[in-house]
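# Chain and residue survey
The lines below spell out each chain.
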Amino acid sequence: MLKRTSEVKVMRDPIHGYIHVELQVVWDCINSREFQRLRRIHQLGGDFQVYHTAEHTRFSHSLGVYEIVRRMVKEIEEIAQQLSDYDKCAVMLAGLLHDIGHGPFSHAFEAVSSCHHEQFTQDILLGNSEVHQILAEADERLPKEVADIIGYRHRNDLLNQLVSGQLDADRMDYLLRDAYFTGTSYGTFDMERILRTIRVHGSHLAVKESGIHSVEDYIMARYHMYWQVYLHPVARSYEIIISLLFARMKAVWKKDPSFFKGLEMFVPFLNGKAASIEALHRLDESAALYGFSLLEQKKDAVLKDLASRVLNRRLFEYVEDREDTYEKIKTKALQKGYDPLYYVHRDHVTQRPYSPYKGRQDTHVIWIVDEKGGLNELSEKSAIVNALVDAKVKEQQLIYFPVELMMDQQK
């Protein structure tokens, strides 16, 4: 029997009203050093450079995911009946801890680090960490169970789908939370209606046909949030400069490791070796930004300039990517003394709001239960979603470069 807290702990939340905690292991995990570190990691990477109130963290998002999972396993009768108290605890913990392996600056850091956040998360849960100790003391099975759910390999596929799927607690929270803190309405949808119409059909998480309009709104919310927020060109500019800054640090490290005396927080991610979870813990955004301020005082001109651009929001300009334009900008960069390797960047991104690819145990599929109890893939029941599936994939192809080159172009 998992120990309960002496009373239900509650934390106010602008999205969910309250976060409710009644299991001691959950409360202890929230207070662990690994989870508290998420207070020092922005949820939205570079978007706070565009939407100035988007200062929320992975900490608040993770609590939100936990709360949605908690409601799913407690309030949705068909789910509650199929899961034991232990399974409910394990999947709530998976929702809470799914992001503990995130590095600074969200996905920008992953482009240059030797390990992605999913692997760091697994290493923290299974390795020598405070979170691992808390889980193991509550029940020796929990570290692996929680890691398996997050890794989408748990034997009970229903648990996997609650945390990671097309209609999961993670996506529901970040859409609503990110819309709220960016001050936009793009990400809003009727989560309450979706929760009321979720059903279990065999091994599938599904939605009643009467809830299909809320699911359509959810799909459209994802589509608009990607193009208006997550892939915003200015946010991409900030993240690209950070990626180029780390790429330059790697190049300098290979030539002169002594350059990084006093900048040891970066070294584990530059030397080509697998960084430890302790190294990740030390490199939160506060440490990285302090390191960038030190780089401003270094003699390497590229590092000094890129670090200054990050700290003082001197971001790159961008234009549509065409081959002739790319070559002209590269030539102009060389003439102006800019190394194109670090100052001319092509960025191609695509995003499809919903693709009924039935792979990875159907995680890319949203299922609809019709009035006769039959199971249907979403686009078979929704004309709106079917049109999105058949539509041409939207692309954004841009070239990023210092604004000085743009000004020179216009003269």
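Preceding this paragraph is the structure being described.
Below, the structure is looked at part by part. Quantities reported herein were computed from a predicted structural model and do not represent experimental measurements.

### Description of the overall build of the chain
- Secondary structure summary: the chain contains 22 helices and nine strands in total.
- A compact globule built from 411 residues would reach a C-alpha radius of gyration of about 22 Å, and the chain, at 23 Å, matches this within 12%.
- Looking at the chain as a whole, 59% of its 411 residues qualify as buried.
- Total accessible area on the chain stands at roughly 18300 Å², and carbon and sulfur atoms take up 48% of it.
- Taking the average place of the 52 positive charges on the side chains of the chain and the average place of its 59 negative ones, the gap between the two points comes to 4 Å.

### Here we look at the sheet that holds strand 6 (residues 345–351)
- What the three strands build is an open sheet, ordered 5-9-6; its pairing is antiparallel. The sheet is open, and its two edges are formed by strand 5 (317–320) and strand 6, each paired on a single side. Strand-to-strand, the axes of this sheet are offset by a mean angle of 30°, without reference to chain direction.
- Judged from the seven bridges that link them, strand 6 and strand 9 (residues 394–401) form a sheet pairing that is antiparallel. Its bridge partner lying in strand 9, His348 is registered against Gln397.
- Across the sheet, helix 13 (residues 212–230) lies against strand 6 and strand 9, angled at about 170° from strand 6, the strand it touches most.
- Here helix 14 (residues 233–255) sits on the sheet and contacts strand 5, strand 6 and strand 9; the angle it forms with strand 9, its principal contact strand, is near 55°.

### Here we look at the sheet that holds strand 4 (residues 204–208)
- One open sheet holds the four strands; their spatial order is 3-4-7-8, and the pairing between them is mixed. Looking at strand neighbours, the two that pair on one side only are strand 3 (198–201) and strand 8 (375–377), the edges of this open sheet. Between one strand axis and the next, the sheet turns through 45° on average, direction left out of account.
- Both strand 3 and strand 4 contribute to a ladder of four bridges, which runs antiparallel. Of the residues in strand 4, the one forming a bridge with Ile198 is Val207.

### So, a nonpolar patch on the surface
- Taken together, Val8, Val10 and Tyr18 make up a surface patch of nonpolar side chains, about 240 Å² in accessible area.
- The topology assignment puts Tyr18 in strand 2 (residues 17–23).

### Here we look at the side chain of His102
- Topologically, His102 is positioned in the loop between helix 5 (85–97) and helix 6 (107–110).
- Not counting chain neighbours up to four residues away, the residues in contact with His102 comprise Arg37, Ile41, Arg58, His107, Glu110, His117 and Leu280.

### Here we look at the side chain of Gln36
- Residue position: Gln36 is located in helix 2 (residues 33–36).
- One polar contact links the side chain of Gln36 to the main-chain carbonyl oxygen of Ile30, over a distance of 2.7 Å.
- With residues up to four places along the chain from it excluded, the contact list for Gln36 reads Ile30, Asn31 and Phe59.

### Let's talk about the packing of aromatic side chains
- Under the counting rule described, the total for this entry stands at 18 aromatic pairs.
- Between Tyr226 and Tyr230, the ring centres sit 5.0 Å apart and the planes meet at 75°, which makes this aromatic pair edge-to-face. You can see Tyr226 and its partner Tyr230 sitting in helix 13, four residues apart, about one turn around the helix.
- Judged by its relative accessible area of 25%, Tyr226 is partly exposed.
- Judged by relative accessible area, Tyr230 falls into the buried class, the value being 13%.
- Between Phe246 and Phe266, the aromatic rings sit 5.7 Å apart at their centres with planes inclined by 90°, giving edge-to-face as the arrangement.

Criteria and thresholds
- Residues numbered from 1 in each chain as written.
- Predicted model: local features only at pLDDT ≥ 70, side-chain atom pairs only at ≥ 80, totals over all residues.
- Heavy atoms only, no water.
- Helix = DSSP H or I, 4+ residues; strand = E, 2+ residues; numbered from the N terminus.
- Rg over C-alpha atoms; globule rule 2.2 N^0.38 Å.
- Buried < 20%, exposed > 50% of the residue type's maximum accessible area, 1.4 Å probe, protein only.
- Areas by Shrake-Rupley, 256 points an atom, 1.4 Å probe, with all protein chains shown as cover.
- Lys, Arg positive; Asp, Glu negative; His and termini not counted.
- Charge placed at Lys NZ, Arg CZ, Asp CG, Glu CD.
- Pairing = 2+ DSSP bridges.
- Axes fitted to C-alpha atoms, helices over the stretch in contact; angles between N-to-C directions.
- Contact = heavy atoms within 4.5 Å.
- Patch = residues over 30% accessible without salt bridge, like charges linked within 9 Å, V, L, I, M, F, W, Y side chains within 5 Å.
- Salt bridge = Lys/Arg side-chain N within 4 Å of Asp/Glu carboxyl O.
- Polar contact = N/O pair within 3.5 Å; in protein donor to acceptor, adjacent residues only side chain to side chain.
- Phe/Tyr/Trp six-rings, centres within 6.5 Å; stacked < 30°, edge-to-face > 60°.

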